[in-house]
Amino acid sequence: MNTDTELSPSALRIADVAQALVQQVGYNGFSFEHISQAVGMRKASIHHHFPTKVVLGVAVVKRYTQQFEDALGQIDRQFSAPHQRLLAYADLFETTFGHDHRLCVCGMLGAESSSLDEAVNTEVRRFFELNLSWLQRAFQDGQRSGVWHQRHSAQDLAETLLSLLEGAMLVGRSVSQPMGPRRTCDVFLSGVTA
């Protein structure tokens, strides 16, 4: 169950609510009872679609990763310049944060990793590996074309930017006027421009 086409309409509603709950209160902050109340279904009906919270968590992360992968493909098709690709990437985080200060699903789950089932953690790692690989390619393209200096490896730049974006969302929840992921990306990229 990793794409929207593999989930029934009821399962999609459950996954949508579970994703929002993860983004707002974390995996450990909700139960099937919360989902039941939000979607208007009995818990037994939810268990029919997702027998355990781990199964639901894995489905939510797989779906979120697929949505991100699709968005990264769209960015690659829309922008050829590495700088523009990275700004569009930061906009994915900005859009998420713009919805009631929600966090990235995998950023939130990463913070809870020590209390999560290994199946969920495996999917969270897959999300981050996908993103780091994509970011590394964008930084390599920019370094090859002379847009960014080569004082740091593309791998280090990728991990730093991803950490900054996730952190901007987290810190942004606690300050009165958050800088936000997009502005954080702008500042970072200005510091690595050749």
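See the structure printed just above.
Residues numbered from 1 in each chain as written. Predicted model: local features only at pLDDT ≥ 70, side-chain atom pairs only at ≥ 80, totals over all residues. Heavy atoms only, no water.

**Q** In this structure, what is going on with the environment of Phe-50? I would like to understand it.
**A** Note that Phe-50 resides in the loop between helix H3 (43–49) and helix H4 (53–78). Between the C-alpha atoms of Phe-50 and Ile-14, which are 36 residues apart in sequence, the distance is 8.9 Å. (Helix = DSSP H or I, 4+ residues; strand = E, 2+ residues; numbered from the N terminus.)

**Q** Would you mind showing me how to read the nonpolar core here?
**A** Buried together is how nonpolar side chains tend to be arranged in soluble globular proteins. Judged by nonpolar contacts, the single largest core of 59 residues is most densely connected at Ile-35, Tyr-89 and Phe-139. Going through the elements one at a time, helix H1 (9–25), helix H2 (32–39), H4, helix H5 (82–97), helix H6 (105–111), helix H7 (118–144), helix H8 (154–172) and helix H9 (180–192) are the ones with two or more residues in this core. The element that contributes the greatest number of residues to this core is H4, accounting for nine residues. Those residues in contact with Tyr-89 that lie beyond four places of it in its chain are Phe-68, Leu-72, Ile-75, Asn-131, Trp-134, Leu-135, Leu-162 and Leu-165. (Core = buried A, V, L, I, M, F, W, Y, C linked by side-chain atoms within 4.5 Å. Buried < 20%, exposed > 50% of the residue type's maximum accessible area, 1.4 Å probe, protein only. Contact = heavy atoms within 4.5 Å.)

**Q** Would you mind going over the pattern of salt bridges with me for this structure?
**A** Charged atoms that come close allow side chains of opposite charge to pair. Scanning the model with the defined rule gives nine salt bridges in all. For the salt bridge of Asp-91 with Arg-182, the shortest nitrogen-to-oxygen distance reads 2.8 Å. Taken together, the residues span a long stretch of sequence, with Asp-91 in helix H5 and Arg-182 in helix H9 at a distance of 91 residues. Arg-182 sits in the partly exposed class, given a relative accessible area of 26%. The partner of Arg-144 in a salt bridge is Asp-141, and the shortest N-O contact between them spans 2.6 Å. Residue Arg-144 and its partner Asp-141 are located together in helix H7, separated by three residues, close to a single helical turn. Taking the relative accessible area as the measure of exposure, Asp-141 reaches 28% and is therefore partly exposed. Through salt bridges with shared partners, one network takes in Asp-76, Arg-85, Asp-141 and Arg-144. (Salt bridge = Lys/Arg side-chain N within 4 Å of Asp/Glu carboxyl O.)

Bear in mind that shape data such as this cannot, by itself, settle questions of function.
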